[in-house]
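# Examination of the molecular architecture
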Amino acid sequence: MSAPESVALPFLPGSPHLHWRDGELWVEGVPVTELARTYGTPLFVYSAGAMRSAAAAYQRALAGRDALVCYAMKANATLAVLELFARAGCGFDIVSGGELERALRAGAEPQRIVFSGVGKTRAEMRRALEVGIGCFNVESLAELDVLDEVARALGCRAPVSLRVNPDVDARTHPYISTGLRDNKFGIAHEQALAAYRHAASLPGLEVVGIDCHIGSQITTLEPYLDALDRVLDLVEQIEAAGIALPHLDLGGGLGITYRDETPPTIESLIGATLQRLDARGHGQRRLLLEPGRSLVGNAGICVTEVLYTKTGPHKNFLIVDAGMNDLPRPAMYGAYHAIVPVRPRAGTPTVWDVVGPVCESGDWLGRDRALVAQAGDWLAVASAGAYCMSMASHYNSRGRAAEVLVSGPRSQLIRAREVPSDLWRQERALALD
Ligand code: LLP
């Protein structure tokens, strides 16, 4: 059955894997209504094809080079998603012992894991050394000393890269901009050479590279190329001082379209990067990348049911069954996610704030959205593959949503909806008087 002419099918980031057919939303070969009926809501739905094709775009652009794409798993750390990227030949960028265990569980090759983050504990370092990860991205002099000590105690040498802070403005949200000198991340450009000399002098460390990551949701090429130039200046200085840097890790950060952004494509980002590397005579150096959002962000949606409509003199609200505990980005960053009906209706749209059931005024998913909707309808919150489930919480004692992966005509539950006993599994009854 086709949709009536008058029903406008809204823009939805994530095509062609997310698309309209017969007047309703499909993920690959499966109608979203069928998934919502089968698995309930709120429900995260991911397209395996979209994830695979993003990984393939990086790999194709890097073909013929000595390069490794390390998926920044903080974006979406669900095991089946990690397995998909491991099978696609990706390594992983991790930031905690928990992420290390998840990556290993998903079949990651330890040599293809890089460990980022400003606050690694001794226990995390030890475990990562024992399993033999590829590289520690070290963020401070103090961390270098501790890592040296931990490695010597284990009788091994830790492979290290220093994360340098190139002091460029990624022109993104202040909370996700990391390459400016006032950020907590990385080692200041002017201290980098001395830090490398120190690292090279420590017997428990083996310098294997240099890295930088300037921020997330970057939508222009310039900050990348500025950072690259700054890092290459350092590479030249450090190697002139006799310290070899076998690899260059350029971090992640490529933005996606949430609304009307036009970020560089994966091909153009990698193309421009390789061109600059070649122009400066660094084309042979091993290259690592740590993309997160651009691999998974637009591969996913969150399907939510309208519970109630509430119209008033000043505002109209669509109250839905997903909240800020499921989709924290609007509350945390004021982020925009497109919200579309799964089966658009004909009619005159009303302007609504789409809000969740959590007891906070900050619990909104979208403001001033023109939609034709009524209680019982399903809505899809777009661009929900990255930094949604991985940032979800139990606030208000809400169990986390289920997740489904779609590949062609098939779907698979990859995370069951949490039940109340999952919420208190680690808690103990009161035993004190
Ligand atoms: N590498 C490092 C060292 C990082 O800190 C990050 C992200 C990435 C790679 C991956 O960046 P991506 O390619 O995903 O932009 N929760 C925020 C995003 C925080 C990003 C933190 N670091 C959000 O929801 O927008």
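A brief structural summary. (Residues numbered from 1 in each chain as written. Predicted model: local features only at pLDDT ≥ 70, side-chain atom pairs only at ≥ 80, totals over all residues. Heavy atoms only, no water.)

The subject of this paragraph is the site of the ligand. Taken together, 19 residues are adjacent to the ligand, and Ser216, Glu290, Arg329, Tyr333 and Tyr387 come closest. The separation between a nitrogen atom of the ligand and a polar side-chain atom of Asp93 is 3.3 Å. One nitrogen or oxygen atom from the side chain of Ser216 is found 2.3 Å from an oxygen atom belonging to the ligand. For the ligand, whose free accessible area comes to 590 Å², the fraction covered by protein is 91%. With respect to the detected pockets, the ligand is housed in the largest pocket. Two domains each donate at least three residues to the shell around the ligand, and these are domain 1 (18-47 + 297-423) and domain 2 (116-291). (Near = heavy atom within 4 Å. Polar contact = N/O pair within 3.5 Å; in protein donor to acceptor, adjacent residues only side chain to side chain. Areas by Shrake-Rupley, 256 points an atom, 1.4 Å probe, with all protein chains shown as cover. 1 Å grid on protein atoms, 1.4 Å probe; cavity = no way out; pocket = protein on both sides within 12 Å on 5 of 7 lines; lining within 4 Å. Sits in = over half its atoms within 2 Å of the grid points. Domains from an automatic or database assignment.)

Below, the discussion takes up the layout of surface pockets. What the largest pocket holds in volume is close to 800 Å³. Lining the largest pocket are 39 residues, and of these Ala72, Lys74, Val95, Glu99 and Tyr387 sit closest to its centre. Counting residues per element, the ones that place at least two in the lining of the largest pocket are helix H4 (97-105), helix H10 (293-296) and helix H11 (329-333). Here the lining of the largest pocket is composed, by residue class, of 13 nonpolar, 13 polar and 13 charged. Each of domain 1 (18-47 + 297-423) and domain 2 (116-291) accounts for three or more of the residues forming the lining of the largest pocket. (Points joined across faces, edges and corners; volume = space filled by probe spheres on them. Helix = DSSP H or I, 4+ residues; strand = E, 2+ residues; numbered from the N terminus. Nonpolar A, V, L, I, M, F, W, Y, C, P; charged D, E, K, R; others polar.)

Counting residues in hydrophobic clusters, the biggest one holds 104 residues, and the most contacted among them are Tyr71, Phe85, Phe92, Phe136 and Ile210. Considering every element that reaches this core, the biggest residue donor is helix H8 (residues 222-240), with eight residues. Beyond its immediate chain neighbours, meaning those up to four positions away, Phe92 contacts Cys70, Tyr71, Met73, Leu82, Phe85, Ala86, Ala103, Ala108, Arg112, Ile113 and Val114. (Core = buried A, V, L, I, M, F, W, Y, C linked by side-chain atoms within 4.5 Å. Buried < 20%, exposed > 50% of the residue type's maximum accessible area, 1.4 Å probe, protein only. Contact = heavy atoms within 4.5 Å.)

Our focus in this paragraph is the pattern of salt bridges. For the coordinates displayed, the defined rule picks out 24 salt bridges. Among the salt bridges present, the one from Arg127 reaches Glu101, with a minimum N-O distance of 2.6 Å. On the criterion of sequence distance, the pair formed by Arg127 in helix H5 (residues 122-131) and Glu101 in helix H4 is long-range, its members being 26 residues apart. You can call Glu101 partly exposed: its relative accessible area is 34%. A salt bridge links Arg163 to Glu139; the nearest nitrogen and oxygen atoms lie 2.9 Å apart. Taken together, the residues span a long stretch of sequence, with Arg163 in strand S9 (residues 158-165) and Glu139 in the loop between strand S8 (135-138) and helix H6 (141-154) at a distance of 24 residues. Across the pair, exposure class does not vary: Arg163 and Glu139 are buried alike. One network of salt bridges, with partners in common, ties together Asp229, Asp233, Glu236, Arg276 and Arg280. (Salt bridge = Lys/Arg side-chain N within 4 Å of Asp/Glu carboxyl O.)

This part takes up the side chain of Thr33. For Thr33, the location among the structural elements is in helix H1 (residues 32-39). For Thr33, a relative accessible area of 6% corresponds to the buried category. Leave out the neighbours within four places in its chain, and Thr33 touches Glu24, Val342, Arg343 and Trp378.

Time to look at the sheet that holds strand S2 (residues 24-27). In space, the three strands of this open sheet follow the order S1-S2-S3, with antiparallel pairing throughout. Only two strands of the sheet have a single neighbouring strand rather than two, namely strand S1 (18-21) and strand S3 (30-31). Both S1 and S2 contribute to a ladder of four bridges, which runs antiparallel. Within S2, the residue paired with His19 across the bridge is Trp26. (Pairing = 2+ DSSP bridges.)

Further remarks concern helix H7 (residues 192-201). Within H7 the residues assigned to the buried category are Ala192, Ala195, Tyr196 and Ala199. Viewed end-on, H7 has its buried residues packed into an arc of 100°, placing them on one side of the element. Turned more than 90 degrees away from the buried face of H7 sit Ala194 and Ser201, all of them exposed. Tucked into the core, H7 has its buried residues touching H6, S9, strand S10 (187-188), strand S11 (205-211) and H8. (Arc of directions from axis to C-beta.)

Taken as a whole and assessed by the stated rule, the structure comprises four aromatic pairs. Pairing Tyr71 with Phe85 gives two aromatic rings, centres 4.5 Å apart and planes at 35°, and the pair type is tilted. Taken together, the residues span a long stretch of sequence, with Tyr71 in strand S5 (residues 67-72) and Phe85 in helix H3 (residues 79-87) at a distance of 14 residues. Between Phe115 and Phe136, the ring centres sit 6.0 Å apart and the planes meet at 25°, which makes this aromatic pair stacked. Remark: Phe136 occurs in strand S8 and Phe115 occurs in strand S7 (residues 113-115); sequence separation between them is 21 residues. (Phe/Tyr/Trp six-rings, centres within 6.5 Å; stacked < 30°, edge-to-face > 60°.)

Attention now moves to the environment of Pro42. Its location among the elements puts Pro42 in the loop between H1 and strand S4 (43-47). When near neighbours in sequence (up to four residues on either side) are disregarded, Pro42 contacts Cys302, Val303, Asp321, Ala322, Asp326, Ala401, Ala402 and Arg417.

Here we take up the packing of H5 against H6. Two elements in contact, H5 and H6, have axes separated by 10 Å at closest approach and are oriented at 50°. Of the possible angle classes, the one that applies to H5 and H6 is oblique. The element H5 and its partner H6 pack so that their crossing is right-handed. On H6, the residues that touch Arg122, Met125, Arg126, Leu129 and Glu130 of H5 are Glu143, Val146, Leu147, Glu149, Val150, Ala151 and Leu154. Looking at the contact of H5 with H6 residue by residue, the classes come out as seven nonpolar, no polar and five charged. (Axes fitted to C-alpha atoms, helices over the stretch in contact; angles between N-to-C directions. Parallel < 35°, antiparallel > 145°, perpendicular 65-115°, else oblique. Left-handed = near helix turned anticlockwise from the far one by under 90°.)

For the rest of this paragraph, the subject is unusual backbone geometry. Geometrically, the link from Ser15 to Pro16 is a cis peptide bond, its omega value of 10° lying close to zero. Structurally, Pro16 can be placed in the segment before S1. Cis geometry is adopted by the peptide bond preceding Pro42, which originates at Thr41 and carries an omega value of -10°. Positioned with a positive phi, Asp167 is a non-glycine residue whose angle comes to about 55°. As for its placement among the helices and strands, Asp167 is situated in the loop between S9 and S10. Classification of Asp167 as partly exposed rests on a relative accessible area of 28%.

Keep in mind these numbers describe shape, not what the thing actually does.
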